[in-house]
Amino acid sequence: MKALQRSKFSNLWNARRRNLSSVADATLHLSDDEEPNDNGESKNSIILPYLHWAVQECAKQRNAMTGKSMHTQIIKYGYEADILTTNMLINMYAKCGIVDFARKVFDEMPQRTLVSWNTLMGSYIQNRDEDEALRLFVRMQREGSQVSGFTVSGVVCACAAKFAVLESKQLHAFAIKVSVESNVFVSTALLDVYAKCGLMKDAFRVFDSMNERNEVTWSSMVAGYVQNELYEEAITFFHRLQKFGIVHNQFTLSSVISACAAMAALLEGNETHAIVWKTGFGANVYVASSLVDLYARCGSVDEAYIVFSNAEVKNDVIWNSMISGLARNARSLEAMTLFEKMQLAGFYPNEWTYVSVLSACSHMGLVDKGRIYFDKMKKEHNLSPNVYHYSCMVDILGRKGLVEEAKDLIENMPFAATASMWGSVLASCRVYGNVEVAEIAAKHLFELEPNNAGNHVLLSNIYASKRRWGDVASTRKLLKDSEAKKERGKSWIQIKDKIHTFMVGERNHPSIIEVYSRLNELLVGMEKLGYKGETEHDLHDVEVSRKHELLRHHSEKLAFTYGLMCLPSTAPIRIMKNLRICGDCHSFMKFASKLTRREIIVRDVNRFHHFTNGSCSCGEFW
């Protein structure tokens, strides 16, 4: 008998060295005989370690079928009431994604430990059933079970997924009550949930009170600032992280690069790129995607393409980032070519890919091509156009002067129209002088954006272009009587590590006197080349001389002049603007690039304009 037992257990050990299915086979052949061995031990007690090992292997390999077989053996040998064994079963089913089976084992347990509760709660969170995880936590409290830092951090993560602010604050109070708030995992989970709920001050208070921090804690703070569009704070916090000597990870680097991209902070972006290569994260596809987006948003599309080309692994995110970057930088044909290459490489375009190629069509006025892509996404890739795709089509039609068709598309689409759609139509009406459609678009915009004064001003400008001064006066009066506020145009430029912002008619900048003096000198030289202020772009009912004065002090001209004064002669002058660049400033930049022989890059609210030697990348279509 002893030899038989040794042979059977030897089979189990050999199976452990081979594959999991043979473990199941070896176990299935074990007899359920309870005959004791020479030491008085039953075969059941000897087989238990092997069953534990087999269940753990099933959990590691996510092998649900063999795991169920092991569960059968556990019942067969009478171990279904053993706490350690049932905890292993709950973990195995949870890892295999069979939460219902895990819950059944849990519910049938005569006695539960903290591990039992935590494992099942973790399985619900892992499978995105946060409501059930919270209900289980409440039941746990009612039954008087003890809790740990792991328990609290897990349930806080469930609140983060649901953006449950009230519950998160209650859990914070609970953590203090049971003295686990100092646990690094609890604190990190709390600051993460506050960040996701937009409460960055609360997140920072948690961070600041922590006695122990890890790289995940620091990374969560940087990501939280970026998620809440606090980009300057994210970059500042990253610098603090560096001073403390915290090890960088790909999540932190990706987040801070995204912050640099949003601010078009090329200098900080370049510095972070250097850290990426130094730390060896250049091969990470998400870091590479962030770098592509950074350079594209800063107008350095060639650098973006170098990063994209050098990426060892490509996914749909980096393809989409590159296609979007090309479209945004007026390289529409290259964007469409890359769209085709993406498919040849075996990647399927998704909704965001089509947003990018439709935007590329919009920037070049390719109506027919836009219609082809719009139909292709439905017929070839089974993608239903969403509100963003319809918005692109409205923009394509409007920019080409087909404002009536754009209006009809909005009125017949299966979605409620957004403010950006009607805003695109109104802007197109300004270019093409369609007063009738402009009045319809403006009416919708007044309802959708009652506090946006820009819509009133744009309609007023359309009336002014037609010399309908009475309608201009009534529109201005309507604006004055409303609570709407007009966003003031501003432009900014980065010199070294500082952002310099200019408003139209700027008076507060410390170097403004020198800026105005240098601008006047530039205008004299540009007028010799043929530049004339395009006063039709200033629609105030004033004398032409006054219009010239208003135009010459637009914010982007001031920002350009300051850049010319401060930047090296070989450096491009990069200007960011919160509104659309006007026609006169566009003409100014063309002449300025020719006179100064400088590359000028202007990013307005819609797109990039690359000015070189008197011409613009937009081809006069924007």
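Fair warning: this is a prediction, and the values are worked out from it, not measured in the lab.

### Points about the packing of helix 5 (residues 83–95) against helix 6 (residues 99–107)
In contact at an axis separation of 7 Å, helix 5 and helix 6 are set at 165° when each is read in the N-to-C sense. Judged by the inter-axis angle, helix 5 sits roughly antiparallel to helix 6. The crossing of helix 5 and helix 6 is left-handed. On helix 6, the residues touching T86, L89, I90, Y93 and A94 of helix 5 are V99, F101, A102, V105 and F106. Across the contact of helix 5 with helix 6, the residue classes tally to 9 nonpolar, 1 polar and no charged.

### Considerations on the pairing of strand 2 (residues 498–503)
Note: strand 1 (residues 490–495) against strand 2, 6 bridges, orientation antiparallel. The partner of W492 across the bridge, within strand 2, is T501. Where strand 1 folds back on strand 2, the antiparallel hairpin that results is connected by 2 residues, among which K496 adopts a positive phi of roughly 55°.

### Focus: unusual backbone geometry
Its identity is not glycine, yet A330 carries a phi of approximately 65°, on the positive side. Following the sequence through the fold, A330 ends up in the loop between helix 19 (316–328) and helix 20 (332–344). Its identity is not glycine, yet N613 carries a phi of approximately 50°, on the positive side. With respect to the helices and strands, N613 occurs in the loop between strand 5 (608–612) and strand 6 (615–616). Exposure remark for N613: the relative accessible area of 62% places this residue in the exposed category.

### Description of helix 32 (residues 583–596)
The terminal C-alpha atoms of helix 32, which comprises 14 residues, lie 20 Å apart, in line with the 20 Å expected from a rise of 1.5 Å per residue. Of all 14 residues in helix 32, 11 are buried; the element is thus mostly enclosed. Downstream of helix 32 by one or two residues, R597 has phi in the positive range, about 55°.

### Some details on the UniProt feature "repeat: PPR" (unreviewed entry) in the chain
As annotated in UniProt, the feature "repeat: PPR" (unreviewed entry) corresponds to residues 82–112, 113–147, 183–213, 214–248 and 315–349 in the numbering used here. What you have in residues 315–349 is 74% helix and 0% strand, and the ends, taken at the C-alpha atoms, are 11 Å apart.

### Looking at the sheet that holds strand 1
Here 6 strands make up an open sheet; going across it, the order is 2-1-3-4-5-6 and the pairing mixed. Each of the sheet's edge strands pairs with one partner strand only, and the pair in question is strand 2 and strand 6. Taken together, the 4 bridges between strand 4 (residues 600–603) and strand 5 define a ladder with antiparallel strand orientation. Bridge assignment links V602 to a residue of strand 5, and that residue is H609. Strands in contact with helix 31 (residues 555–566) are strand 1, strand 2, strand 3 (573–577) and strand 4; relative to strand 1, the strand with the most contacts, it is inclined by about 15°.

Parameters and conventions
- Residues numbered from 1 in each chain as written.
- Predicted model: local features only at pLDDT ≥ 70, side-chain atom pairs only at ≥ 80, totals over all residues.
- Heavy atoms only, no water.
- Axes fitted to C-alpha atoms, helices over the stretch in contact; angles between N-to-C directions.
- Helix = DSSP H or I, 4+ residues; strand = E, 2+ residues; numbered from the N terminus.
- Parallel < 35°, antiparallel > 145°, perpendicular 65-115°, else oblique.
- Left-handed = near helix turned anticlockwise from the far one by under 90°.
- Contact = heavy atoms within 4.5 Å.
- Nonpolar A, V, L, I, M, F, W, Y, C, P; charged D, E, K, R; others polar.
- Pairing = 2+ DSSP bridges.
- Buried < 20%, exposed > 50% of the residue type's maximum accessible area, 1.4 Å probe, protein only.
- Expected span 1.5 Å × (residues − 1).
- UniProt positions renumbered as here; feature names shortened; annotations may be inferred.

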